[in-house]
Each structure stands twice: as C-alpha cells, then as structure tokens.
Amino acid sequence: MSRGGGKGLSLKDKLDGNELDLSLCDLNEVPVRELAALPKATILDLSCNNLVSLPSDFCSLMHLVKLDLSKNRLQQLPLDFGRLVNLQHLDLLNNRLVTLPVSFAQLKNLKWLDLKDNPLDPVLAKVAGDCLDEKQCKQAAVKVLQHMKAIQSEQDRQRQRKLQAEREMEKKREAEQRAKEAQERELRKREKAEEKERRRREYDAQKAAKQETEKKTKKETVQTRKPASSSRPPQPPRHKRSWSRSVLRVLLFALLCALCTLAACKLTELQRQPLCVSVNTLYEDVLAALQNHKTLQNMLQQNSQQ
C-alpha cells in the first residue's frame with residue numbers, strides 16, 4: 001500500500017497477531033475494503049496520518065476493539081460511528097473535533113477515551129475532562145458516554161414530541177378535512193333541498209297559472225255564449241208549437257170551406273137548395289149583427305161627445 005492510500009504494500013505485512021499498525025503511513029484515506037478482509041485485526045493504529053474524515057463504510061469494521069486515530073486532522077466522525085459496538089479503547093488525541101455523533105452513546109463497551117487537544121464544544125470538553133493517566137481516560141469514557149446518552153435521550157424525546165406534534169397536526173388536519181367534507185355535504189344537501197323546493201314552487205306556480213288561464217277561458221266562453229242565447233226569444237216547447245199550428249190549420253181550412261160554401265150558395269144555382277138557404281140566412285144575420293154593432297158604437301161615441 002502506498003503512502004497516498006493506494007495499493008502497494010499488503011496489509012498482511014503490517015499485521016502482528018491481532019494488531020495492525022498503519023501509523024505514520026501518510027494516509028489521507030482509510031483502506032476499508034482491505035481492513036474488512038482482516039477480521040482478526042481487532043487492534044488498529046491509524047495515528048499520525050493525514051486523515052480529514054472517515055468514510056461511512058468505516059463503521060462496518062465492527063470487529064475493532066481498540067482504535068487509535070490520534071494526531072490526524074479529523075473534523076468529524078461518521079454519524080453511525082456507534083455501530084462499532086465492540087470498541088473498548090478509542091484515542092482521538094490531537095484532532096479537530098468539535099462534537100461527537102449522537103450514535104456515540106451506543107458504544108456500550110467503551111472503557112477508555114482520550115479527547116485532549118481538540119477544539120471541543122465547551123460542554124463536551126468539561127464532561128470529558130483530562131486524560132493524563134489511565135484513571136482519567138476511563139472516567140472520560142464513562143462520562144462522555146453518559147453525556148451522549150443524555151443527548152440521545154433528549155433528541156429521542158424531541159423526536160417523539162415532534163412525531164407526536166406531527167401526528168396531532170395530522171389528526172387535526174384530518175379532523176378539519178372531515179369537518180370540511182361534512183360541511184360541503186351539508187351545503188350540497190341544503191342546496192339540493194333548496195333546488196327541489198324551488199322546482200316545486202315553480203311547478204305549483206305553473207299549475208296555478210294554468211288553472212287560472214283555464215278558469216278565465218271558461219268564463220270568457222260562458223260570457224260569449226250568454227248574449228247569443230238571450231238575443232233569441234224563448235222558444236215554446238216543440239209539442240205546444242206543433243199543436244198550435246194544427247189548430248190554426250184547422251181554422252183556416254174551416255174558414256176556407258165556409259167561404260167556398262158561401263160563394264157557391266150566392267153565385268150558383270144552388271142558392272135555392274135548403275143548405276144554401278140556411279147558409280145565406282146565417283150570412284145575412286151575421287152581417288146585420290155587425291151593422292147593428294157598428295150603429296151602437298156610433299151612438300155611444302155621440303153620447304160620449306155630448
């Protein structure tokens with residue numbers, strides 16, 4: 001493996017038992033693939049190199065028990081650094097770390113930790129303290145783990161509160177949506193009822209108008225027929241009219257017969273017949289009665305004038 005991180009010298013040449021020393025190799029990247037092929041190398045020394053960051057797949061080296069990353073230029077650790085659950089000894093001396101990832105709290109087997117000479121956050125620096133001897137480094141590991149667990153718990157609570165708030169917000173939105181849908185359904189129902197009522201009123205109005213028109217037309221028809229019927233004189237019953245005509249015809253026939261008989265008795269040789277003598281006598285009596293009646297009228301008229 002070359003000093004730039006390329007391939008050259010085999011890692012097996014650097015392996016001594018379960019310890020792999022890659023310090024002072026001027027590395028600017030970690031050969032994770034080659035390291036993963038050496039699961040027996042539980043102790044890894046990467047100190048005194050030019051490492052600025054660790055690749056995300058570095059955390060797949062879960063067989064590591066002791067890791068030395070001191071005297072590099074690391075500015076941060078991978079977010080899933082806590083996957084290295086078997087790690088017991090961690091040296092991060094003289095890097096450029098400010099904070100640690102929250103997953104650091106998952107390193108439950110960590111017994112030794114050195115964070116000296118890093119521009120740590122003041123709270124984290126106070127929690128870590130010094131690591132001048134074995135005791136202080138062990139205390140640093142315990143305190144930092146407790147601190148990171150507290151941060152993780154707080155973040156979990158915040159995440160839960162946020163999740164709960166999101167759920168409540170979602171429930172509120174769903175409730176508002178349901179209320180809105182119910183309001184829209186009620187509005188559509190009311191509009192439908194109003195439309196039905198409007199059509200019913202229009203139907204009733206049309207029906208009333210039709211009835212009024214029919215009533216007016218019927219009234220006009222009756223008024224039109226009434227004068228025509230009143231202008232004509234009342235007609236007598238048909239049977240009475242027929243009887244009167246029959247009587248009149250009989251009288252006219254009798255009168256015609258009388259005139260014919262009178263004319264025959266006056267103008268023909270039948271005037272000496274007994275029937276004609278009776279007819280002529282009756283005629284002269286009637287004529288005399290009429291004359292006397294006329295004379296009586298004249299006398300009465302003269303008396304009234306006097």
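As the structure is a computational prediction, the values presented were derived from the model and not from experiment.

## Topic: the overall build of the protein chain
- What the protein chain contains, in helices and strands, is five helices and six strands.
- When the elements of the protein chain are put in sequence order from the N terminus, they spell out β-β-α-β-β-β-β-α-α-α-α.
- Within the protein chain, buried positions represent 24% of all 306 residues.
- When contacts within the protein chain are restricted to residue pairs at least 6 apart in sequence, long-range pairs at least 24 apart make up 34% of them.

## Quick notes on the sheet that holds strand 4 (residues 66-68)
- Read across the sheet, six strands follow the order 1-2-3-4-5-6 without closing on themselves; strand pairing throughout is mixed. The two strands at the open ends of the sheet, each matched to only one other strand, are strand 1 (15-16) and strand 6 (112-114).
- The sheet contact formed by strand 4 and strand 5 (residues 89-91) spans three bridges and is parallel. In the sheet register, Asp 68 faces strand 5, and the bridge partner there is Asp 91.

## Here we look at unusual backbone geometry
- Unusually for a residue other than glycine, Asp 26 sits at a positive phi of about 55°.
- Along the chain, Asp 26 falls in the loop between strand 2 (19-21) and helix 1 (32-36).
- Taking the relative accessible area as the measure of exposure, Asp 26 reaches 36% and is therefore partly exposed.
- A positive phi angle, near 60°, is found at Lys 71, a position not held by glycine.
- Structurally, the position occupied by Lys 71 is in the loop between strand 4 and strand 5.

## A closer look at the packing of aromatic side chains
- Enumeration according to the criterion identifies one aromatic pair in this entry.
- Judged by centre distance (6.1 Å) and plane angle (5°), the ring pair of Phe 81 and Phe 104 falls under stacked. Here Phe 81, found in the loop between strand 4 and strand 5, pairs with Phe 104, found in the loop between strand 5 and strand 6; they are 23 residues apart in sequence, far enough to count as distant.

## A word on the pattern of salt bridges
- Across all of its chains, the model carries 12 salt bridges by this definition.
- Of the charged contacts, one joins Arg 157 and Glu 154 as a salt bridge, the two residues approaching to 2.7 Å between their closest N and O atoms. Of this pair, Arg 157 and Glu 154 both sit in helix 3 (residues 134-231), three residues apart, which is roughly one turn of that helix.
- Residue classification places Glu 154 among the partly exposed residues on the basis of a relative accessible area of 28%.
- Across the pair Arg 198 and Glu 202 runs a salt bridge whose closest N-O atoms are separated by 2.4 Å. In this pair, Arg 198 and Glu 202 both sit in helix 3, four residues apart, roughly one turn of the helix.
- We classify Arg 198 as partly exposed; its relative accessible area is 33%.
- Beyond isolated ion pairs, a larger network of salt bridges with shared partners links Glu 195, Arg 198, Arg 199 and Glu 202.

## Let's talk about the confidence of the model for the protein chain
- Looking at the protein chain as a whole, its pLDDT mean stands at 85, while 87% of the residues score no less than 70.
- Across residues 1-8 the pLDDT falls below 50, and counting only partners more than four positions away or on other chains, this stretch makes 23 contacts in the model.

## Details of the nonpolar core
- Core analysis: the biggest nonpolar cluster contains 41 residues, and Leu 46, Phe 58, Leu 67, Phe 81 and Phe 104 have the highest contact counts within it.
- Of all the secondary structure elements, the ones that give two or more residues to this core are helix 1, helix 2 (122-128) and helix 3.
- For this core, the element with the most residues is helix 3, which contributes four residues.
- Excluding residues that lie within four positions of it along the chain, Leu 46 makes contacts with Leu 22, Leu 27, Val 30, Leu 51, Phe 58, Leu 67, Asp 68, Leu 69 and Asn 72.

## Considerations on the side chain of Ser 23
- One can find Ser 23 in the loop between strand 2 and helix 1.
- Within the structure, the side chain of Ser 23 is placed 2.6 Å from the side chain of Asp 21, a separation counted as a polar contact.
- The residues touching Ser 23, leaving out its near neighbours within four places in the chain, are Asp 45, Ser 47 and Asn 49.

## Brief notes about the environment of Gln 75
- With respect to the helices, strands and loops of the structure, Gln 75 is situated in the loop between strand 4 and strand 5.
- Expressed as a C-alpha distance, the spacing of Gln 75 and Leu 54, which sit 21 residues apart in the sequence, is 9.5 Å.
- Those residues in contact with Gln 75 that lie beyond four places of it in its chain are Val 52, Arg 96, Leu 97 and Val 98.

## Overview of a nonpolar patch on the surface
- Nonpolar side chains collect at one region of the surface, where Trp 243, Val 247 and Leu 251 lie side by side and expose about 330 Å² of accessible area between them.
- Looking at the element boundaries, Val 247 is found in helix 4 (residues 238-267).

Rules used in this analysis
- Residues numbered from 1 in each chain as written.
- Predicted model: local features only at pLDDT ≥ 70, side-chain atom pairs only at ≥ 80, totals over all residues.
- Heavy atoms only, no water.
- Helix = DSSP H or I, 4+ residues; strand = E, 2+ residues; numbered from the N terminus.
- Buried < 20%, exposed > 50% of the residue type's maximum accessible area, 1.4 Å probe, protein only.
- Contact = heavy atoms within 4.5 Å.
- Pairing = 2+ DSSP bridges.
- Phe/Tyr/Trp six-rings, centres within 6.5 Å; stacked < 30°, edge-to-face > 60°.
- Salt bridge = Lys/Arg side-chain N within 4 Å of Asp/Glu carboxyl O.
- pLDDT = per-residue confidence, 0-100.
- Core = buried A, V, L, I, M, F, W, Y, C linked by side-chain atoms within 4.5 Å.
- Polar contact = N/O pair within 3.5 Å; in protein donor to acceptor, adjacent residues only side chain to side chain.
- Patch = residues over 30% accessible without salt bridge, like charges linked within 9 Å, V, L, I, M, F, W, Y side chains within 5 Å.
- Areas by Shrake-Rupley, 256 points an atom, 1.4 Å probe, with all protein chains shown as cover.

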